[in-house]
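Chain and residue survey
Chain residues, written in single-letter form:
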Amino acid sequence: MNLRSIIELDARLSRQMRVAEKPGALRAIAVFFAHSGDSWFWVAALVLLWIFSDATWKEWAVVLFAGISLLVVVVMSVKFIVRRRRPEGEWGGIYRNTDPHSFPSGHAARAFLIAVIGSALGPDWLGVLLWIWAPLVALARVAMGVHYLSDVIVGALLGIAIGVIGLQVYESFFAWLANLVGFPLW
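Rules used throughout
- Residues numbered from 1 in each chain as written.
- Predicted model: local features only at pLDDT ≥ 70, side-chain atom pairs only at ≥ 80, totals over all residues.
- Heavy atoms only, no water.
- Helix = DSSP H or I, 4+ residues; strand = E, 2+ residues; numbered from the N terminus.
- Buried < 20%, exposed > 50% of the residue type's maximum accessible area, 1.4 Å probe, protein only.
- Contact = heavy atoms within 4.5 Å.
- Areas by Shrake-Rupley, 256 points an atom, 1.4 Å probe, with all protein chains shown as cover.
- Lys, Arg positive; Asp, Glu negative; His and termini not counted.
- Charge placed at Lys NZ, Arg CZ, Asp CG, Glu CD.
- Salt bridge = Lys/Arg side-chain N within 4 Å of Asp/Glu carboxyl O.
- Core = buried A, V, L, I, M, F, W, Y, C linked by side-chain atoms within 4.5 Å.
- Polar contact = N/O pair within 3.5 Å; in protein donor to acceptor, adjacent residues only side chain to side chain.
- Axes fitted to C-alpha atoms, helices over the stretch in contact; angles between N-to-C directions.
- Parallel < 35°, antiparallel > 145°, perpendicular 65-115°, else oblique.
- Expected span 1.5 Å × (residues − 1).
- Phe/Tyr/Trp six-rings, centres within 6.5 Å; stacked < 30°, edge-to-face > 60°.
- Lys NZ or Arg CZ within 6 Å of the ring centre and 35° of its normal.

1. Topic: the overall build of the protein
Each helix and strand counted, the protein has eight helices and zero strands in total. When the elements of the protein are put in sequence order from the N terminus, they spell out α-α-α-α-α-α-α-α. For the protein, the residues scored as buried account for 45% of the 186 residues in total. If you take every contact in the protein between residues at least 6 apart in sequence, the share linking residues at least 24 apart comes to 70%. Carbon and sulfur atoms make up 72% of the accessible area of the protein, which amounts to about 10,300 Å² in all. Within the protein, the 12 negative side-chain charges are centred at a point lying 9 Å from the centre of the 15 positive side-chain charges.

Listed below in structure tokens is the structure:
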């Protein structure tokens, strides 16, 4: 199987998953999940979490904000190197106008990064919900026609990788800093 046949298979599978032009409950659910990974929503939620929560949730918000910030740099760098055009379609004009490139999916990357960090730092129930939510975000992006299946798969893998690496750096850094100052920071 050569690269061209893989790209054609990717496009065909992505078209089969598409519900953007089909009114109904499945489309409404896909719209909800496709938007639930929006960066503005998560930045606003993390600011509110920081303002109105205790130290444990503040820690989660700071680590997640740092992870999302690093992820943006990685995803946008790959997008501008690869420059794969989004699938044709009407839905998602804001995404199409602000970022015409589809590979990799920033929404999928962000959702899986959030799931990784939420599993590590949050309560168990939150980790379970986030691991259910993340693939729904990724699949909804394909269903609404703003990404190909390969975009969300690679995005998910990037989100998981950056999340795992970020947690290791975070734990090492804060252990070193707490040792330096002589008391736990959170």
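2. Description of the pattern of salt bridges
Under the defined criterion, the tally for this structure stands at six salt bridges. Note that Arg84 and Asp10 form a salt bridge whose closest N and O atoms lie 2.9 Å from each other. Of this pair, Arg84 sits in the loop between helix H4 (55-82) and helix H5 (93-98) while Asp10 sits in helix H1 (residues 3-17), placing them 74 residues apart in sequence. Each member of the pair, Arg84 together with Asp10, is buried. Measuring nitrogen to oxygen at the nearest pair gives 3.0 Å for the salt bridge that ties Arg84 to Asp151. In this pair, Arg84 sits in the loop between H4 and H5 while Asp151 sits in helix H8 (residues 149-181), placing the two residues 67 residues apart along the sequence. Neither Arg84 nor Asp151 differs from the other in exposure class; each is buried. Through salt bridges with shared partners, a single network forms among Asp10, Arg84 and Asp151.

3. Focus: the nonpolar core
Membership of the largest hydrophobic core comes to 45 residues, with the highest contact counts inside it found for Trp60, Leu64, Trp91, Trp133 and Met144. Every residue in contact with Trp133, bar those within four places of it in the chain, is listed here: Phe33, Ser36, Gly37, Trp42, Ala111 and Ile114.

4. With respect to the side chain of Lys58
Structurally, Lys58 can be placed in helix H4. Of the buried charged residues, Lys58 lacks a salt bridge, with Asp54 as the closest side chain of opposite charge at 8.0 Å. Engagement of the side chain of Lys58 in a polar contact is seen with the backbone oxygen of Trp50, the distance being 2.4 Å.

5. Some details on the environment of Ala138
Among the structural elements, Ala138 can be located in helix H7 (residues 124-143). Beyond its immediate chain neighbours, meaning those up to four positions away, Ala138 contacts Ala108, Phe112 and Val152.

6. Quick word on the packing of helix H6 (residues 106-121) against H7
Working note: a packed helix pair is described by the angle between its axes plus the distance between those axes. One can describe the packing of H6 onto H7 by two numbers: an axis separation of 8 Å at closest approach and a directional angle of 175 degrees. Between H6 and H7, the crossing angle belongs to the class labelled roughly antiparallel. From H6, His107, Ala108, Ala111, Phe112, Ile114, Ala115, Val116, Gly118 and Ser119 reach across to H7, where they touch Gly127, Leu130, Trp131, Trp133, Ala134, Pro135, Val137, Ala138 and Arg141.

7. Focus on H7
Across its 20 residues, H7 extends 29 Å between first and last C-alpha, which sits within 8% of the 28 Å expected from 1.5 Å per residue. By the burial criterion, the buried members of H7 are Leu126, Gly127, Leu130, Trp133, Ala134, Val137, Ala138, Ala140, Arg141, Val142 and Ala143. At the C-terminal side of H7, Gly145 shows a positive phi close to 80 degrees.

8. Details of the packing of aromatic side chains
Within the structure shown, the criterion is met by seven aromatic pairs. Ring centres 5.0 Å apart and planes at 80 degrees place the aromatic pair Phe32 and Phe33 in the edge-to-face group. What makes Phe33 buried here is its relative accessible area of 19%. Directly above the ring of Trp50 sits Lys58, whose terminal nitrogen or CZ lies 4.6 Å from the centroid. Note that Arg141 overlies the ring of Tyr95, its terminal NZ or CZ placed 4.1 Å from the centroid.

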